[in-house]
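Analysis of the macromolecular model
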Amino acid sequence: MAKSIERISLNSMSPGTERFLKVHRYGTKGARPKAYLQASIHSDEIPGMLAAHHLMGLLDAAEARGEIVGEIVLVPVANPIGLGQIINGSHSGRYELRGGGNFNRHWPDLFEGVRDLAEPKLGPDPAANVAAIRAAIGARIARLPMDTELACLKASLARLAYDSDMVLDLHCDDEALMHVYMQPVHWPEFQDLAAELGARASLLCVDSEANSFDETFSLPWTKMAAAVGEKFPIPSACFATTVEFRGQADVFDELAEKDAVGLYRFLQRHGVIAGDPGPAPALQCAGTDLAATDIVRAPKAGILAYKVELGASVKRGDLIAEIVDPLADSHAQARTPVRAVNDGLVLSRCLRKLVAPGEGISMIVGAEALAHRRAGALLSD
Ligand SMILES: [Zn+2]
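Residues numbered from 1 in each chain as written. Predicted model: local features only at pLDDT ≥ 70, side-chain atom pairs only at ≥ 80, totals over all residues. Heavy atoms only, no water.

Focus on the UniProt feature "domain: Succinylglutamate desuccinylase/Aspartoacylase catalytic" (unreviewed entry) in the protein
- In this structure's numbering, the residues bearing the UniProt feature "domain: Succinylglutamate desuccinylase/Aspartoacylase catalytic" (unreviewed entry) are residues 33-113.
- Regarding residues 33-113, the helix share stands at 27% and the strand share at 23%, and the terminal C-alpha atoms are separated by 26 Å. (UniProt positions renumbered as here; feature names shortened; annotations may be inferred. Helix = DSSP H or I, 4+ residues; strand = E, 2+ residues; numbered from the N terminus.)

Looking at the domain arrangement of the protein
- Per the domain assignment, the segments making up the protein are domain 1 (4-285) and domain 2 (291-374).
- Each of domain 1 and domain 2 has a C-alpha centre, and these two points are 31 Å apart.
- With twelve residues of domain 1 at the contact, the number on the domain 2 side is 13 residues.
- When the buried surface of domain 1 facing domain 2 is broken down by residue, Asp174, Glu175 and Leu177 rank first, second and third, together holding 52% of it.
- As a salt-bridge pair, Arg349 and Glu175 come within 3.0 Å of each other at their nearest N and O atoms.
- Our enumeration of links across domain 1 and domain 2 arrives at three residue pairs in polar contact (both at pLDDT 80 or more).
- Counting only elements with at least two residues in the side of domain 1 that touches domain 2, the list comes to β10 (175-176), β11 (179-182) and β12 (201-204). (Domains from an automatic or database assignment. Contact = heavy atoms within 4.5 Å. Buried area = accessible area lost by both parts, 1.4 Å probe. Salt bridge = Lys/Arg side-chain N within 4 Å of Asp/Glu carboxyl O. Polar contact = N/O pair within 3.5 Å; in protein donor to acceptor, adjacent residues only side chain to side chain.)

Some remarks on unusual backbone geometry
- Here the amide bond leading from Arg32 into Pro33 is cis, since omega sits at -5°, within 30 degrees of zero.
- Its place among the elements puts Pro33 in the loop between β2 (19-27) and β3 (34-39).
- In this model, Glu209 sits at a positive phi of 65°, which is unusual for a non-glycine residue.
- Exposure remark for Glu209: the relative accessible area of 48% places this residue in the partly exposed category. (Buried < 20%, exposed > 50% of the residue type's maximum accessible area, 1.4 Å probe, protein only.)

Thoughts on the pattern of salt bridges
- Scanning the model with the defined rule gives 22 salt bridges in all.
- Between Arg94 and Glu45 there is a salt bridge; the shortest N-O distance is 3.6 Å. Of this pair, Arg94 sits in the loop between β6 (90-91) and β7 (95-96) while Glu45 sits in the loop between β3 and α1 (47-64), and the two are 49 residues apart along the sequence.
- Residues Lys231 and Glu119 are paired through a salt bridge, measuring 2.8 Å at the closest nitrogen-oxygen approach.

Details of the coordination of the zinc ion
- Every protein donor of the zinc ion is accounted for by His42 (ND1), Glu45 (OE), Glu45 (OE) and His171 (ND1), and the metal-donor separations fall at 2.1 to 2.5 Å.
- What the four donor atoms of the zinc ion show is an angle range of 55 to 146° at the metal, which sorts the shape as irregular.
- Ordering the donors of the zinc ion by residue number gives the pattern H-x2-E-x125-H. Exposure class is identical for His42 and Glu45. Each is buried. (Donors = N, O, S within 2.8 Å, 3.2 Å for Na, K, Ca; no water. Tetrahedral: all angles 85-135°; square planar, octahedral: opposite > 155°, others 65-115°.)

A closer look at the sheet that holds strand β16 (residues 302-306)
- If you trace the four strands from one edge of the open sheet to the other, you get β19-β18-β16-β21, paired in antiparallel fashion. Every other strand in the sheet has two partners, leaving β19 (335-339) and β21 (354-355) as the edge strands with one partner each.
- Bridge count for β16 against β21 is two bridges, and the pairing is antiparallel. Bridging across to β21, Ile303 finds its partner in Leu354. (Pairing = 2+ DSSP bridges.)

Topic: empty space enclosed by the protein
- For the structure shown, the criterion picks out two cavities of 30 Å³ or more.
- Taken as a whole, the largest cavity encloses approximately 70 Å³ of empty space.
- Lining the largest cavity are Trp107, Pro108, Asp109, Leu110, Asn211, Glu215, Thr216, Leu219, Pro220 and Lys223.
- Considered class by class, the residues forming the lining of the largest cavity number five nonpolar, two polar and three charged. (1 Å grid on protein atoms, 1.4 Å probe; cavity = no way out; pocket = protein on both sides within 12 Å on 5 of 7 lines; lining within 4 Å. Points joined across faces, edges and corners; volume = space filled by probe spheres on them. Nonpolar A, V, L, I, M, F, W, Y, C, P; charged D, E, K, R; others polar.)

Things to note about the environment of Leu290
- Note on placement: Leu290 falls in the loop between β14 (287-289) and β15 (293-297).
- For Leu290, a relative accessible area of 1% puts it in the buried group.
- For the pair Leu290 and Val77, spaced 213 residues apart in sequence, the C-alpha to C-alpha distance is 28 Å.

Comments concerning the side chain of Glu215
- Here Glu215 lies in helix α7 (residues 213-228).
- Buried and unpaired, Glu215 has no salt bridge, with Arg105 as the nearest side chain of opposite charge at 8.0 Å. (Lys, Arg positive; Asp, Glu negative; His and termini not counted.)

A short note on the layout of surface pockets
- The space that makes up the largest pocket amounts to roughly 1,000 Å³.
- Along the wall of the largest pocket there are 42 residues; nearest its centre are Arg94, Asp173, Asp174, Ser380 and Asp381.
- Looking at the lining of the largest pocket, the elements with two or more residues in it are β9 (166-173), β11, α7, β13 (239-247), β20 (344-349) and β22 (360-365).
- For the lining of the largest pocket, the leading source of residues is β22, giving four residues.
- Here the residues of the lining of the largest pocket are counted per class, giving 13 nonpolar, 16 polar and 13 charged.
- Of the residues that make up the lining of the largest pocket, three or more belong to each of domain 1 (4-285) and domain 2 (291-374).

Concerning the packing of α1 against helix α8 (residues 253-269)
- It is the contact of α1 with α8, at a shortest axis distance of 8 Å, that shows an interaxial angle of 50°. Taken together, the axis directions place α1 and α8 in an arrangement best described as oblique. Crossing of α1 against α8: the hand is right-handed. Of the residues in α8, those touching α1 at Leu50, Ala51, His54, Leu55, Leu58, Leu59 and Ala62 are Asp253, Ala256, Glu257, Asp259, Ala260, Val261, Leu263 and Tyr264.
- By residue class, the composition of the contact of α1 with α8 is eleven nonpolar, one polar and three charged. (Axes fitted to C-alpha atoms, helices over the stretch in contact; angles between N-to-C directions. Parallel < 35°, antiparallel > 145°, perpendicular 65-115°, else oblique. Left-handed = near helix turned anticlockwise from the far one by under 90°.)

Here it is, written out as C-alpha cells:
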C-alpha cells in the first residue's frame, strides 16, 4: 500500500481563515498493530515535530520497501491553532488564547457511556471484547462536539487515535532530560520505548487526573476492567504514552534523527514495521510511581537562581535553588532557599527565571511515593 495523506479542515473561527490537520497514513487501514503518533499538541514544544519529521523519512522508506506490517498514523503537527499563537514575538502554545485552557488537559472522558454500550456484547474472548469496547469508544467519539475549532481539533485527533494499539504523544518539557509517562500496567511490555530513547525517567501513573491526551485513550480500558473485569477478560488494549523530548531548546537534527531511529526500532519490536531491531539498549531508569516525583515549587515571588544542574542526584534537604527578592533591603536578606523534600534525580528545570509563589521550578524523581503527592492531580497545568 502506498502512503496516503489526508487533510482535515478545522472549523474556522473567523472569516477568511482556515486551519487544518495533515495526516500521514502508512500500511493498510485496519491492519494490526496500529500505532498513532502526534507531535506538539503543546505547540511551542518543537522537538517532537522535528522527531516526527525524521521519523517520516524513515517511514516513507519503509513503506517503499513494503515493510509496514500494521498501520501507522502520523500527525506531525497536532496543533495548528497553537502554532499560530505568536504574541509580540513570543510563542504561547500551551493554552488556547480563546479561553479553551491547556491544550493537553480537559480531554473528554471516553469511558462515558462505553460500559452500557459494550457490556452486553462481552464474553470469554479477550479479542472480541477489545473489538466491542473499541466500537463503543468510537460511538462515544462520534458524539463529541465539533462546533469550535478547538472542539473540532480534539474530536478529529481522538477519532484518529482511539482504536490504536499504541498512542505516542510527543512533547517536551521546559528544560529537561528525556522522559516518558505511561500506565504501570504497560511498563513491562513497553519499557523498551524508554530504553530506545535513552529516557532518564519513566513516570508511571494510572490516572493523573489531568485528562491529558494519552490518558484519554488508556483510561477507558482501566475503567472498563475495574467495572467488569471480574466477569470478563478486559485487556489494557491501548498503550498510550507521553514522551518528553528533553527541553524546549533541544531542537537539533542530531538529536531528532537519533530519536526517530529509537521510535522506529520501537515500532519494529512491537510488530508494526517488519525487521528485527535486535535487543533494546540498556534501560537508564527504573519505572517509578509518578507520585514519587516531587514538583518543587517556588515559595515566593522573585528571581530563580538554580543551585543544581539537570541530572544531578540530590538528597532531601539539598539546596535546589534560591529565590532572590530584588527589592530586599540588603543582599543578605534577599535570598530564600528552596530545598528538596525527597532523594532523587533532577529531571527538569524552569526556563523562565522570574517566578511566582507556587510555580513549579523543578521535578525530582524519587523512588518512594510521597504523601503529599498521593492525592489529587499529579501534573501541573
Ligand atoms: Zn507538553
